[in-house]
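Listed below are the residues making up each chain.
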Amino acid sequence: MMCTAQRTVRAVCFAEGARILRPVLGSSRRFSTAIADELPEIKPALKPACPNFSSGPCAKRPGYNLEALSDAALGRSHRAKIGKAKLSGAIKQTHELLAPAGLPDDYLIGIVPASDTGAVEMAMWSLLGPRPVSVVHFESFGSDWYTDATKQLKGLEVTNVKGDYGELPDIHSVNWDDDVVFTFNGTTSGVKLPANFKPPDDRQGLAICDATSAVFAQEMPFASLDVVTFSWQKCLGGEGAHGMLILSPRAVERLESYSPPWPMPKIFRMTKAGKLNRDIFDGSTINTPSLLATEDYLDALKWAKGLGGYSALVAKSNANLAVIEKFVEQRPWMEFLSKDPATRSNTSVCLCVNDLSAAQVKSMAGLLEKEGVALDIGAYRSAPPGFRIWCGPTVEAEDLEALMPWLDYAHEQAARS
């Protein structure tokens, strides 16, 4: 199902519906909004052209077509010249896209197994141990990293810096003499670090940042981070299973001066004979990658560059969030899980419905999916009941605008049940 084709068809259907009903509803108001406000029992006429609001894997870029993958090196070895060129090209183009946002030239980027989870685990298992560790977490994945640090990596001295869903913990209390593992944007909580966040320049420990739903959508202090991880499937709408690991010179120094006491699985090993295996950061992956998924990522990078680069991606995500903020301001029954606008995510936007039961909220999500207007927007399984609507840069603002009246309609229907 191609979202671009849907956009044209639904626009035509909407125009015809508006022509027929304008005498009844009046032409001075937008048709779908009029229905939602005045006749909530009638379904809105306009649907999002692309109903894919999943928080991972996320919507493909606007105008996506499988023909973009026609140059994929299918059936070829990733170690052959063509496969290596595709992988090293993905690394180079990623660096080029991140450099204007502040990524230093001497930071290394590698493609690693198992998506962002694999990248974070590689960093933790390979780097933690010489210093005490602080884990800053305020959503489910950050809590997973805390569990790993306390129950899997035996012997670490761990400080738990925890915030409840919808809230940041006290980040000013963090001891940066520790190695600090933290999430930049809570994909399951809708909370992000504030714009002025920056680890201190005189820190003794490493700043290890899980940034999977922040990179390409939020301004980040790249030069003050020692490890940054993300995946293809989030802000650029790539495919799953591949992670990206960014290392600073300080992180490389740690890798080459420290050997962890625990057994190291093959897919976590980044050194050979005590030195960094730099081939990993030049396109020689630890295990076999998908060259089809690589081609898809290369297409996403090309689209991002054509859009205007990193700053344009951030602006698009901010504009998408603004659509939902405007809607919530006018609806007393809906609120953001994150109460502080300064820490509100512009990608994984989490919402609560304060006048319905958990079952009724679930029925709202079910109705929206049945109508084909919003897919996969239920709150994360361990989060409070509500919605999680992806607003990253591959989502179009006009699709979010078309979705908003449907939230009114679904709320009305659920309240009657």
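Residues numbered from 1 in each chain as written. Predicted model: local features only at pLDDT ≥ 70, side-chain atom pairs only at ≥ 80, totals over all residues. Heavy atoms only, no water.

Colleague: Before we move on, could you go through the overall build of the protein chain and cite the residues and values that matter?
Modeller: Summing up its helical and strand segments, the protein chain has 10 helices and 12 strands in all. On C-alpha atoms alone, the protein chain measures out to a radius of gyration of 23 Å, which is about the 22 Å that the 2.2 N^0.38 rule sets for 417 residues. Principal-axis analysis of the C-alpha atoms places the extent of the protein chain at approximately 80 × 50 × 30 Å. In the protein chain, buried positions account for 57% of the 417 residues. Of the roughly 17500 Å² of accessible surface on the protein chain, a fraction of 52% belongs to carbon and sulfur atoms. Looking at the protein chain, you have 43 positive and 48 negative side-chain charges, and the mean spots of the two groups are 5 Å apart. (Helix = DSSP H or I, 4+ residues; strand = E, 2+ residues; numbered from the N terminus. Rg over C-alpha atoms; globule rule 2.2 N^0.38 Å. Buried < 20%, exposed > 50% of the residue type's maximum accessible area, 1.4 Å probe, protein only. Areas by Shrake-Rupley, 256 points an atom, 1.4 Å probe, with all protein chains shown as cover. Lys, Arg positive; Asp, Glu negative; His and termini not counted. Charge placed at Lys NZ, Arg CZ, Asp CG, Glu CD.)

Colleague: Describe the packing of helix H7 (residues 291-307) against helix H8 (residues 310-329), naming the residues involved and giving the relevant values.
Modeller: Running from N to C, H7 and H8 point in directions that differ by 85 degrees, and their axes come no closer than 7 Å. By the angle class used here, H7 and H8 are roughly perpendicular. On the side of H7, the interface is formed by Trp303, Ala304 and Leu307, while H8 contributes Ala312, Leu313 and Lys316. Here the residues of the contact of H7 with H8 are counted per class, giving five nonpolar, no polar and one charged. (Axes fitted to C-alpha atoms, helices over the stretch in contact; angles between N-to-C directions. Parallel < 35°, antiparallel > 145°, perpendicular 65-115°, else oblique. Contact = heavy atoms within 4.5 Å. Nonpolar A, V, L, I, M, F, W, Y, C, P; charged D, E, K, R; others polar.)

Colleague: If you had to explain unusual backbone geometry to someone new, which residues and values would you point to?
Modeller: The residue after glycine 56, namely proline 57, is reached through a cis peptide bond having omega -10 degrees. Residue position: proline 57 is located in the loop between helix H2 (31-38) and helix H3 (81-98). Positive phi, close to 55 degrees, is recorded for alanine 273, a residue that is not glycine. Tracing the sequence through the fold places alanine 273 in the loop between strand E8 (271-272) and strand E9 (275-276).

Colleague: Residue-level account of the packing of aromatic side chains, with values.
Modeller: Each aromatic ring pair is characterised by the separation of its centres together with the angle its planes make. Across all of its chains, the model carries 12 aromatic pairs by this definition. Taken together, a centroid distance of 6.2 Å and an interplanar angle of 85 degrees make the contact between phenylalanine 327 and tryptophan 333 edge-to-face. Members of the aromatic cluster, connected to one another through ring pairs, are Trp176, Phe182, Phe184 and Phe197. When the ring centre of tyrosine 64 is taken as reference, the NZ or CZ atom of lysine 60 above it lies at 4.8 Å. Its guanidinium or amino end placed over the ring of phenylalanine 336, arginine 344 lies 3.8 Å from that ring's centre, counting from NZ or CZ. (Phe/Tyr/Trp six-rings, centres within 6.5 Å; stacked < 30°, edge-to-face > 60°. Lys NZ or Arg CZ within 6 Å of the ring centre and 35° of its normal.)

Colleague: Go over the sheet that holds strand E6 (residues 227-231), please, and point to the residues and values.
Modeller: Pairing in this open sheet of seven strands is mixed, and the strands run E1-E7-E6-E5-E4-E2-E3 from one edge to the other. Strands at the two margins of the open sheet, each flanked by one partner only, are strand E1 (108-113) and strand E3 (158-162). The mean inter-strand angle of the sheet, taken between neighbouring strand axes irrespective of direction, is 15 degrees. Here helix H6 (residues 249-257) sits on the sheet in contact with E1, strand E4 (179-183), E6 and strand E7 (242-247), set at roughly 95 degrees to E7. (Pairing = 2+ DSSP bridges.)

Colleague: Pulling in residues and values, what's your account of the nonpolar core?
Modeller: Formed by 84 residues in total, the largest nonpolar core has its most connected members in Phe182, Phe216, Met220, Ile324, Phe387 and Ile389. With residues up to four places along the chain from it excluded, the contact list for isoleucine 324 reads Phe336, Val349, Leu351, Ile389, Cys391, Leu400 and Met404. The next biggest cluster of nonpolar side chains, apart from the first, holds 33 residues, and it includes Val112, Val133, Leu206 and Val227. (Core = buried A, V, L, I, M, F, W, Y, C linked by side-chain atoms within 4.5 Å.)

Colleague: Quick rundown of the side chain of lysine 192? Include the residues and the values.
Modeller: Residue position: lysine 192 is located in the loop between E4 and strand E5 (207-210). Buried within the structure, lysine 192 lacks any salt-bridge partner; aspartate 340 is the closest side chain of opposite charge, at an N-O distance of 8.9 Å. At 3.4 Å, the side chain of lysine 192 forms a polar contact with the backbone oxygen of alanine 342. Excluding anything up to four places from it in sequence, lysine 192 contacts Leu168, Phe184, Asn185, Gln218, Ala342, Thr343, Arg344 and Ser345. (Salt bridge = Lys/Arg side-chain N within 4 Å of Asp/Glu carboxyl O. Polar contact = N/O pair within 3.5 Å; in protein donor to acceptor, adjacent residues only side chain to side chain.)

Colleague: How would you sum up the sheet that holds strand E12 (residues 387-390)? Please name residues and give values.
Modeller: Taken in spatial order, the three strands of this open sheet run E10-E11-E12, and their pairing is antiparallel. Whereas interior strands pair on both sides, the edge strands pair on one side only; in this sheet they are strand E10 (334-336) and E12. Taken over all neighbouring pairs, the strand axes of this sheet differ in orientation by 35 degrees on average, direction set aside. Relative to strand E11 (residues 348-353), E10 is paired through three bridges, and the arrangement is antiparallel. Bridge pairing in E11 places glutamate 335 opposite cysteine 352. Against the sheet, H8 contacts E10, E11 and E12, and its axis sits at roughly 135 degrees relative to E10.

Colleague: Hey, could you go over the environment of alanine 293 for me, with residue numbers and the actual values?
Modeller: Looking at the secondary structure, you find alanine 293 in helix H7. What makes alanine 293 buried here is its relative accessible area of 7%. With near-sequence residues (within four places) excluded, alanine 293 lies in contact with Trp232, Glu239 and His242.

Colleague: So, the side chain of glutamate 295: which residues are in play, and what are the values?
Modeller: Along the chain, the position of glutamate 295 falls in helix H7. The residues touching glutamate 295, leaving out its near neighbours within four places in the chain, are Ala68, Leu69, Asp71, Ala72 and Lys86.

Colleague: I'd love a proper account of the pairing of E12, names of residues and values included.
Modeller: Side chains Phe387 and Ile389 project from E12 onto one buried face, and the interleaved Arg388 and Trp390 project onto a second face that is buried too. Pairing of E11 with E12, which is carried by four bridges, proceeds in the antiparallel orientation. Of the residues in E12, the one forming a bridge with valine 349 is isoleucine 389.

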